Amino acid sequence: MRVSAQVDVAVGHGGHVARVVEVDPKSVERWVNLGRTPRRGTALRAAETLGEDVHALWPQLRQARSARAVSPELVALYEQRADLPVSAFVNLLTQARRQIDVLVYGAVFLHEAYPRLNDLLRERAADGCAIRIAVGDADDANVHQRGREERFGHGIESRCRLALMHYRPLASEPGIEIRTHGTTLYNSLYRADDEILVNAHVWGINAYAAPVWHLRSSGSGSGGMFGTYEDSFEAVWKSAQPVEG
């Protein structure tokens, strides 16, 4: 573990981290003094409390699981979205030549970590890539329910509005469509041509702590896993409301 002055201060002042994360203060001391690695969920909460990047504190948590031969479309499986650097999303979108589809409620982490995202999307559209982005309708009951289930309160609504604020300038760009949707979001989807990152959603858990699988279309025309999510996006898109530039 990287030695953090913030961790040392927390340990020295009554174990603030231990109380917030709900672990024994001695566990925090072992993280600092013995280089122990907490469980992934505990590490995420500790990093959030300290205002630190979890992978800066515990680099060993950044790892992708090798895909088993469950499906020829499965490229990689990640235990949590937090295991993927933002560059994985950016690189996926950068390589798109024909189509980019994004289905989320907010996913403001993309713009926060990569401020050039809109410029990237404009460049892809200028090269002939068709881009469709669907973000959550902050006034919809399904969005409100999601906030309650994740114990995120009105934060999810604020993130939907913030996402729309980020994407709205693209609504007037040729080749780019922005819509809002109020569907129950079972998965966030990030598609570029024949590849897609699927961020599953788990009840009561924020999206950053839920699994992600990377799929690549087999091109066999049989649908498969890739086709399942492709059809899901299309169904949501048809019900979504266009955003004017």
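Right above here is the structure, for reference.
Residues numbered from 1 in each chain as written. Predicted model: local features only at pLDDT ≥ 70, side-chain atom pairs only at ≥ 80, totals over all residues. Heavy atoms only, no water.

(A) Summary view of the packing of aromatic side chains. For the structure on display, the rule yields 3 aromatic pairs. Measuring from centroid to centroid gives 5.3 Å for Phe89 and Phe109, while their planes differ by 75 degrees, and the two rings are edge-to-face. With a gap of 20 residues between them, Phe89 in helix α6 (residues 86-94) and Phe109 in helix α7 (residues 109-113) connect regions that are remote in the sequence. Comparing Phe89 with Phe109, the two get one shared label, buried. Aromatic pair Phe233 and Trp237: ring centres 5.7 Å apart, planes at 15 degrees, arrangement stacked. With Phe233 and Trp237 both in helix α11 (residues 224-239), this residue pair falls 4 residues apart, about one helical turn. Under the relative-accessibility criterion, Phe233 is labelled buried at 4%. An aromatic cluster is defined as three or more aromatic residues linked by ring pairs; in this entry it consists of Phe89, Phe109 and Tyr190. Above the ring of Phe109, the side-chain terminus of Arg81 is found at 3.9 Å from the ring centroid. The residue whose ring lies beneath Arg132 is Trp237, and the NZ or CZ to ring-centre distance is 5.5 Å. (Phe/Tyr/Trp six-rings, centres within 6.5 Å; stacked < 30°, edge-to-face > 60°. Helix = DSSP H or I, 4+ residues; strand = E, 2+ residues; numbered from the N terminus. Buried < 20%, exposed > 50% of the residue type's maximum accessible area, 1.4 Å probe, protein only. Lys NZ or Arg CZ within 6 Å of the ring centre and 35° of its normal.)

(B) Here's a closer look at the pairing of strand β3 (residues 99-103). Among the 5 residues of β3, 5 are classified as buried, and the element is accordingly described as predominantly covered. One ladder, built from 5 bridges, connects β3 with strand β4 (residues 130-136); its direction is parallel. Note that in β4 the partner of Leu103 across the bridge is Ala134. Both β3 and strand β6 (residues 187-192) contribute to a ladder of 4 bridges, which runs antiparallel. Each residue of the ladder has a partner; that of Leu103, found in β6, is Leu189. (Pairing = 2+ DSSP bridges.)

(C) Here's a closer look at the pattern of salt bridges. Under the counting rule described, the total for this entry stands at 12 salt bridges. In this structure, Glu123 engages Arg116 in a salt bridge whose closest nitrogen and oxygen atoms are separated by 2.7 Å. Salt-bridge contacts for Arg191 lead to Glu230; the nearest nitrogen and oxygen are separated by 3.1 Å. Of this pair, Arg191 sits in strand β6 while Glu230 sits in helix α11; the two residues are 39 residues apart in sequence, bridging distant segments of the chain. One salt-bridge network, in which partners are shared between bridges, spans Asp101, Arg132, Arg191, Glu230 and Glu234. (Salt bridge = Lys/Arg side-chain N within 4 Å of Asp/Glu carboxyl O.)

(D) The packing of α6 against helix α8 (residues 117-126), seen in detail. One way to put it is that α6 packs onto α8 with a least axis distance of 10 Å and a crossing angle of 20 degrees. Our classification of the angle between α6 and α8 gives roughly parallel. In the crossing of α6 with α8, the sense of the turn from one axis to the other is left-handed. Residues Val90, Leu93 and Thr94 of α6 pack against Leu117, Leu120 and Arg124 of α8. Its residues assigned to classes, the contact of α6 with α8 comprises 4 nonpolar, 1 polar and 1 charged. (Axes fitted to C-alpha atoms, helices over the stretch in contact; angles between N-to-C directions. Parallel < 35°, antiparallel > 145°, perpendicular 65-115°, else oblique. Left-handed = near helix turned anticlockwise from the far one by under 90°. Contact = heavy atoms within 4.5 Å. Nonpolar A, V, L, I, M, F, W, Y, C, P; charged D, E, K, R; others polar.)

(E) Fine view of the side chain of His214. Take His214: it is sitting in strand β8 (residues 212-216). Residue His214 is classed as buried on the basis of its relative accessible area of 13%. In contact with His214, not counting residues within four places along its chain, are Glu73, Leu74, Val75, Ala76, Leu92, Glu195, Ile196 and Leu197.

(F) Expanded view of the nonpolar core. Formed by 35 residues in total, the largest nonpolar core has its most connected members in Ile100, Leu121, Ile131, Ile133, Tyr167, Ile178 and Tyr190. With sequence-adjacent residues up to four places away left out, Ile100 is seen in contact with Leu93, Leu121, Arg124, Cys129, Ala130, Ile131, Arg132 and Arg191. Formed by 20 residues, the second largest nonpolar core is a distinct cluster that contains Leu74, Ala134, Ile156 and Trp213. (Core = buried A, V, L, I, M, F, W, Y, C linked by side-chain atoms within 4.5 Å.)

Honestly, it's all geometry; don't read function into it.
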